[in-house]
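# Structural overview
Okay, here's what each chain looks like letter by letter:
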Amino acid sequence: MKLTKYITMLVALLLLAACSSDNASSDSATKPVADFSFTNDGSTFTFTNLSTNGTKYRWDFGDLYYVSTEKDPVYTYKIGGEIRVSLTVTNDAGEESFITKVITAPKIIIIDIKIDGKFTDWDDVAVTDENTSGNGSIQKIKIWAGGPNVNVYLEGNKKMLLELVDMFINTDGNTQTGFLHANWAEGSGAEFLFEGPVVSNGWGAFYNHTDPSGGWGWSPIAGSGVNLKASALVSLNDTTNALEFSIPKSQLGNLTGFIGIGITEMTSGWSAVANFPEAPKFSTLQL
């Protein structure tokens, strides 16, 4: 009788254990598991949610600025370096799963150009164009247009004095409309001309191009010359001069994501010094 009782209790315990195992298996099958992958284009990251059994998502992008409840968010960082990104996944039962991964965002470079003849604020700006022959006067140009102005840094040899220039500016991205300059036969198309001295902030003026055939036809823009703000010409060493200037974007009409510049330097007596760049196209920058 006792043996029968013990066998009955053992069978009951085995059945209970089996049921408990089934329930655990069922719970495990519905628990959320957090995971994600990511790709980036510069500072913009695309996060792909690889989680299972989740119905709600919370992303913490690790920069103290923003969180998201999207499944697959896209986020642009304003900081650089190693950043810890976290994803919390929740299912309908309120169960959660959490994962953190480290991403590396590009360094954010803050550039604030001041036209003051001190050129350290150009250090993080890439060279837009430079002459490789060593001839001419202007040897190097940097263009920065991240704010309300188009800022330009010019570096050259001791022949670069910028007493007088014709500076041709392409603003519509089309090198075959506007003034078609023979010195830059493969790409010019200037919509604007600045003519005058750069270094002295003097009597110069901006002109609109007016010849639909691409020839020399210009209309002066009254009072416009004062909008070109230039530093003094600075001697960097025994062989190199430098200068910076800015032009308000509002002076140049509708910039279409592109600017091109070609410069003919002359003496104050209108004698030719050199053209820059030596390449058959304007120096160009994608805005």
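Throughout this description, residue numbers start from 1 for each chain and increase along the sequence as written. In keeping with the model being predicted, local features are shown solely for residues with a pLDDT of at least 70 and side-chain atom pairs are shown and tallied solely at 80 or more, while totals for entire chains, interfaces and linings include all residues. Side-chain numbers come from the whole structure's heavy atoms, not from hydrogens or water.

## What to know about the pattern of salt bridges
Note on definitions: salt bridges are taken to be side-chain nitrogens of Lys or Arg within 4 Å of carboxyl oxygens of Asp or Glu. Applying the stated criterion to the full structure yields four salt bridges. A salt bridge links Lys-114 to Asp-112; the nearest nitrogen and oxygen atoms lie 2.7 Å apart. Only protein chains enter the calculation, and the probe is 1.4 Å; a residue is then buried if its accessible area is under 20% of its type maximum, exposed if over 50%, and partly exposed in between. With relative accessibility at 45%, the residue Lys-114 sits in the partly exposed group. Asp-112 gets classed as partly exposed once you look at its relative accessible area, which sits at 48%.

## Let's talk about the packing of aromatic side chains
Side-chain rings of Phe, Tyr and Trp, where Trp is taken by its six-membered ring, are said to pair if the distance between their centres is within 6.5 Å; with planes under 30 degrees apart they count as stacked, over 60 as edge-to-face, and otherwise as tilted. All told, the structure shown has 24 aromatic pairs when counted by the stated rule. Relative to Trp-59, the ring of Phe-47 lies with its centre 5.4 Å away and its plane at 40 degrees, an arrangement referred to as tilted. Residue Phe-47 is located in strand 2 (residues 44-49), and its partner Trp-59 is located in strand 3 (residues 56-60); the two are separated by 12 residues in the primary sequence. When sorted by exposure, Phe-47 lands in the same class as Trp-59, which is buried. Between Phe-61 and Tyr-66, the aromatic rings sit 6.3 Å apart at their centres with planes inclined by 5 degrees, giving stacked as the arrangement. On the accessibility criterion, Tyr-66 (48% relative accessible area) is partly exposed. Each member of the aromatic cluster is reached from another via a ring pair, and the members are Phe-36, Phe-38, Phe-45, Phe-47, Trp-59, Phe-61, Tyr-66, Tyr-75 and Tyr-77. Any Lys NZ or Arg CZ that is within 6 Å of a ring centre and within 35 degrees of that ring's normal is treated as a charge sitting over the ring. Residue placement shows Lys-101 over the ring face of Phe-36; its charged tip is 5.1 Å from the ring centre. Elements are defined by DSSP. Helices are runs of H or I of four residues or more, strands are runs of E of two residues or more, and each kind is numbered from the N terminus.

## Topic: the sheet that holds strand 6 (residues 81-90)
Here a strand pair is declared whenever DSSP counts at least two bridges between the two strands. Across the sheet, four strands lie side by side as 4-3-6-7; this open sheet has antiparallel pairing. Looking at which strands have only one partner, the edges of the open sheet turn out to be strand 4 (67-68) and strand 7 (96-105). When strand 3 meets strand 6, the two strands line up antiparallel, connected through five bridges. Bridging from a neighbouring strand, Lys-56 pairs with Thr-90 of strand 6.

## Regarding the nonpolar core
Ranked by size, the top nonpolar core spans 26 residues in total, and within it Leu-154, Met-167, Val-198, Leu-228 and Phe-245 carry the most contacts. Elements with a contribution of two residues or more to this core: strand 9 (138-144), strand 10 (149-156), strand 11 (164-170), strand 12 (192-196), strand 17 (241-248) and strand 18 (258-266). By definition, residues are in contact when any of their heavy atoms lie within 4.5 Å. Among residues more than four places away in sequence, those in contact with Phe-245 are Ile-115, Val-150, Asn-151, Val-152, Leu-154, Met-167, Val-198, Leu-228, Lys-229 and Ala-230. Nonpolar core, defined: a set of buried Ala, Val, Leu, Ile, Met, Phe, Trp, Tyr and Cys residues in which side-chain atoms within 4.5 Å join the residues together. Among the nonpolar cores identified, the runner-up in size contains 16 residues, and Trp-59, Tyr-75, Ile-99 and Ala-105 belong to it.

## So, the pairing of strand 1 (residues 36-41)
For strand 1 and strand 2, the ladder comprises six bridges, and the chain directions are antiparallel. Counterpart to Asp-41 in the pairing with strand 2 is Thr-44. As consecutive antiparallel partners, strand 1 and strand 2 are separated by two residues, and within that stretch Gly-42 has a phi angle of approximately 65 degrees, a positive value.

## Topic: the sheet that holds strand 5 (residues 74-76)
Spatially, the three strands line up as an open sheet ordered 1-2-5, and their pairing is antiparallel. Edge positions in the open sheet fall to strand 1 and strand 5, since each of these has one partner strand only. Each strand of the sheet is rotated relative to its neighbour by a mean of 25 degrees, with strand direction disregarded. In this sheet, strand 5 lies alongside strand 2 in antiparallel orientation, the contact comprising three bridges. If you follow Thr-46 over to strand 5, its bridge partner there is Val-74. Lines fitted to the C-alpha atoms define the axes, with helices restricted to the stretch that makes contact. Angles between their N-to-C directions range from 0 to 180 degrees.

## What about the environment of Lys-107?
Position of Lys-107 among the secondary structure elements: in the loop between strand 7 and strand 8 (129-130). Residue classification places Lys-107 among the exposed positions, given a relative accessible area of 68%. Each C-alpha atom, one on Lys-107 and one on Lys-142, is 20 Å from the other, the two residues being 35 residues apart in sequence.

## Re the confidence of the model for the protein chain
The predictor attaches a confidence to each residue, called pLDDT, with possible values from 0 through 100. Residues with a pLDDT of 70 or more make up 91% of the protein chain, whose mean pLDDT is 90. Below a pLDDT of 50 lies the segment residues 15-26, which in the model reaches zero contacts outside its immediate sequence neighbourhood of four places, other chains included.

## Looking at the side chain of Thr-264
Checked against the element boundaries, Thr-264 lands in strand 18. The class for Thr-264 is buried, based on a relative accessible area of 14%. Pairs of N or O atoms within 3.5 Å make up the polar contacts considered here, provided that, within protein, one atom can donate a hydrogen while the other can accept it, and that residues adjacent in sequence are counted only when both atoms are side-chain atoms. Side chain to side chain, Thr-264 and Asn-275 meet in a polar contact 2.7 Å long. Those residues in contact with Thr-264, other than ones at most four positions away along the chain, are Leu-164, Val-165, Asp-166, Phe-168, His-181, Trp-184, Ala-274 and Asn-275.

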